[in-house]
Amino acid sequence: MREFPTVRPRRRRRTGALRALVREHRLDVASLIHPLFVVHGSGVRREIASMPGVHQLSVDAALDREVDEIVALGIRAVLLFGLPATKDAVGSENYAEDGIVQQALHRIRERAPDLLRLTDVCCCEYTSHGHCGILSGETVDNDATLEVLGQVAVSHARAGADIVAPSGMMDGMVLSIRDSLDDAGWNDVGILSYAVKYASAFYGPFREAADSAPAFGDRHEYQMDPANVREALLEASLDEAEGADLLMVKPALAYLDVVRAVRERSTLPLVCYNVSGEYAMVKAAARAGWIDERRVVMEALTGMRRAGADAIITYHAKDVARWLEEEA
Ligand code: PBG
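Overview of the structure. (Residues numbered from 1 in each chain as written. Predicted model: local features only at pLDDT ≥ 70, side-chain atom pairs only at ≥ 80, totals over all residues. Heavy atoms only, no water.)

1. A few points about the overall build of the protein chain
Here's step 1: Helix and strand counts for the protein chain come out as 11 helices and 12 strands.
Here's step 2: Expressed along its principal axes, the backbone C-alpha trace of the protein chain runs to roughly 70 × 45 × 40 Å.
Here's step 3: Sorting the 328 residues of the protein chain into buried and exposed places 55% on the buried side.
Here's step 4: A sequence separation of at least 24 residues applies to 75% of the contacts in the protein chain between residues at least 6 apart.
Here's step 5: Just so you have it, the protein chain exposes about 15000 Å², and 50% of that area is on carbon and sulfur atoms. (Helix = DSSP H or I, 4+ residues; strand = E, 2+ residues; numbered from the N terminus. Buried < 20%, exposed > 50% of the residue type's maximum accessible area, 1.4 Å probe, protein only. Contact = heavy atoms within 4.5 Å. Areas by Shrake-Rupley, 256 points an atom, 1.4 Å probe, with all protein chains shown as cover.)

As structure tokens, then:
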């Protein structure tokens, strides 16, 4: 191999055009997924204190305006989370025909038919105890929860979901949802599995946004131990075998090695979730004037792509879309 002074990598960094020519990874607006929190009521646009710029929205003109803005920026996919009117032990609104997510799906399809509609399929926003499934005593009953998840997925499909995204980390959830969807005639509705989801402190602000903090205990019995990566490969391969169409690793920033490991083992498209706590930290530091928000966000998201993510779920989606437009 030739060495210095013949080889000078700096020659390729001399101008912006040169750097762009040899750039290995790019952010692209088509790979962004924008999360939305929908609530009952009218004219609601309530900002989440720990997530500046993110709002709970009622399913009326408030949601329409947000959807219009998202579409105008070229973003092509949203992920819906719902806050029900009332919570109970099984989370009945989760699969109700007129549930809040179902209403939002109809409205978005009407307003922006080409915008991809993804839905979070989980119980924690809907259950009075805030856990991700049906309780048996103080633990989540895996197989009883699967039945509910199937019903939720089918009701989302009926209301217009393109892709359902189970996030409860129940064993067998992908197979069970696939069967439920197929039995109901929805074999073209896809499954994005939160296959590798860690029990993370980075979900803190989300639990305010979605009102989904567990009333007792924590989620360590179903979400993964942050120390594990071999187990992530097992989770990913099980979900792939069960019929997942896309896989997710969550959170993103502290788990980029996991993104890379899954990327190298699976041929499925891979999504990572740049979660609420990651967003909140950037926002707080930017507000204090301690970091350059735009550069930090672009660097972090580029890192997720470099690690192997095809798509990124992020609360920064609108800002990133704007910045990409400016750069173009
Ligand atoms: C569960 C769910 C959570 C998130 C997405 N889906 C929270 C949890 O597992 O406690 C977190 C997303 C974020 O922090 O941005 N339905």
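2. Looking at empty space enclosed by the protein
Here's step 1: Taken as a whole, this structure holds three cavities of 30 Å³ or more when the rule is applied.
Here's step 2: Approximately 110 Å³ is the volume attributed to the largest cavity.
Here's step 3: Residue lining of the largest cavity: 16 residues in total, with Cys124, Lys197, Phe206, Arg219 and Lys250 positioned closest to the centre.
Here's step 4: Of the residues contributing to the lining of the largest cavity, the split by class is seven nonpolar, three polar and six charged.
Here's step 5: Lining the second largest cavity are Leu80, Phe81, Gly82, Val101, Asp120, Cys122, Glu125, Tyr126 and His156.
Here's step 6: Broken down by element, the lining of the second largest cavity gets its largest block of residues, three residues, from strand β4 (residues 77-83).
Here's step 7: Here the lining of the second largest cavity is composed, by residue class, of five nonpolar, two polar and two charged. (1 Å grid on protein atoms, 1.4 Å probe; cavity = no way out; pocket = protein on both sides within 12 Å on 5 of 7 lines; lining within 4 Å. Points joined across faces, edges and corners; volume = space filled by probe spheres on them. Nonpolar A, V, L, I, M, F, W, Y, C, P; charged D, E, K, R; others polar.)

3. Observations regarding the packing of aromatic side chains
Here's step 1: Tallying each qualifying case throughout the model produces eight aromatic pairs.
Here's step 2: Taken together, a centroid distance of 5.7 Å and an interplanar angle of 65° make the contact between tyrosine 279 and tyrosine 315 edge-to-face. Placement of tyrosine 279 in helix α9 (residues 276-287) and of tyrosine 315 in the loop between β12 (311-314) and α11 (317-327) is noted, with a sequence separation of 36 residues between them.
Here's step 3: Note on tyrosine 279: relative accessible area 2%, which makes it buried.
Here's step 4: The class of tyrosine 315 is buried, set by a relative accessible area of 7%.
Here's step 5: The positively charged end of lysine 250 is found above the aromatic ring belonging to tyrosine 203, 4.4 Å away from the centroid.
Here's step 6: The positively charged end of lysine 250 is found above the aromatic ring belonging to phenylalanine 206, 6.0 Å away from the centroid. (Phe/Tyr/Trp six-rings, centres within 6.5 Å; stacked < 30°, edge-to-face > 60°. Lys NZ or Arg CZ within 6 Å of the ring centre and 35° of its normal.)

4. With respect to helix α10 (residues 293-307)
Here's step 1: For α10, built from 15 residues, the straight-helix expectation of 21 Å at 1.5 Å per residue is met to within 8% by its first-to-last C-alpha distance of 21 Å.
Here's step 2: Listed in full, the buried residues belonging to α10 are Glu293, Val297, Met298, Ala300, Leu301, Gly303, Met304 and Ala307.
Here's step 3: Those residues of α10 hidden inside the fold are in contact with β1 (32-39), α8 (256-265), β11 (270-274), α9, β12 and α11.
Here's step 4: The N-capping residue of α10, defined by a side-chain oxygen 3.3 Å from the backbone nitrogen of arginine 294, is aspartate 292. (Expected span 1.5 Å × (residues − 1). Polar contact = N/O pair within 3.5 Å; in protein donor to acceptor, adjacent residues only side chain to side chain.)

5. Topic: the layout of surface pockets
Here's step 1: Of the pockets and cavities examined, the largest pocket occupies roughly 710 Å³.
Here's step 2: In terms of lining residues, the largest pocket is bounded by 20 residues, among which Arg23, His25, Met298, Thr302 and Glu327 are the most central.
Here's step 3: Where the lining of the largest pocket is concerned, the elements lending two or more residues are α10 and α11.
Here's step 4: Grouping the amino acids of the lining of the largest pocket by side-chain chemistry returns six nonpolar, three polar and 11 charged.

6. Things to note about the site of the ligand
Here's step 1: Of all residues adjacent to the ligand, which total 19 residues, the nearest are Lys197, Arg207, Lys250, Ser276 and Tyr315.
Here's step 2: Separating an oxygen atom of the ligand from a side-chain N or O atom of arginine 207 is a distance of 2.7 Å.
Here's step 3: A distance of 2.9 Å separates an oxygen atom of the ligand from a polar side-chain atom of arginine 219.
Here's step 4: When the free accessible area of the ligand is taken as 400 Å², the share hidden by the protein chains comes to 100%.
Here's step 5: Here the ligand is seated within the largest cavity.
Here's step 6: Listed by contribution, the elements that provide at least two residues to the shell around the ligand are β9 (190-197) and α6 (204-209).
Here's step 7: When grouped by side-chain class, the residues that make up the shell around the ligand number 10 nonpolar, three polar and six charged. (Near = heavy atom within 4 Å. Sits in = over half its atoms within 2 Å of the grid points.)

7. Quick look at the nonpolar core
Here's step 1: Residues Leu63, Val164, Leu181, Val196, Val262 and Leu301 are the most contacted members of the largest nonpolar core, which totals 81 residues.
Here's step 2: Per element, the largest residue contribution to this core is eight residues, and it comes from helix α4 (residues 142-159).
Here's step 3: If we skip the residues at most four places from it in the chain, leucine 181 touches Ala153, Val154, Ala157, Val164, Trp186, Asn187, Val189 and Ile191.
Here's step 4: In terms of nonpolar packing, the next biggest core, distinct from the first, is built from 28 residues, Ile33, Leu192, Val275 and Tyr279 among them. (Core = buried A, V, L, I, M, F, W, Y, C linked by side-chain atoms within 4.5 Å.)

8. Thoughts on the pattern of salt bridges
Here's step 1: Within this structure, the stated rule accounts for 18 salt bridges.
Here's step 2: Note that arginine 260 is salt-bridged to glutamate 264, the shortest N-O span being 3.3 Å. Pair noted here: arginine 260 and glutamate 264 are both in helix α8, with a separation of four residues, about one helical turn.
Here's step 3: Using a relative accessible area of 32% as the deciding quantity, one classes arginine 260 as partly exposed.
Here's step 4: For glutamate 264, a relative accessible area of 54% puts it in the exposed group.
Here's step 5: Bridged by salt links that share partners, the residues Arg45, Glu66, Glu69, Lys283, Glu293, Lys318, Asp319 and Arg322 form one connected network. (Salt bridge = Lys/Arg side-chain N within 4 Å of Asp/Glu carboxyl O.)

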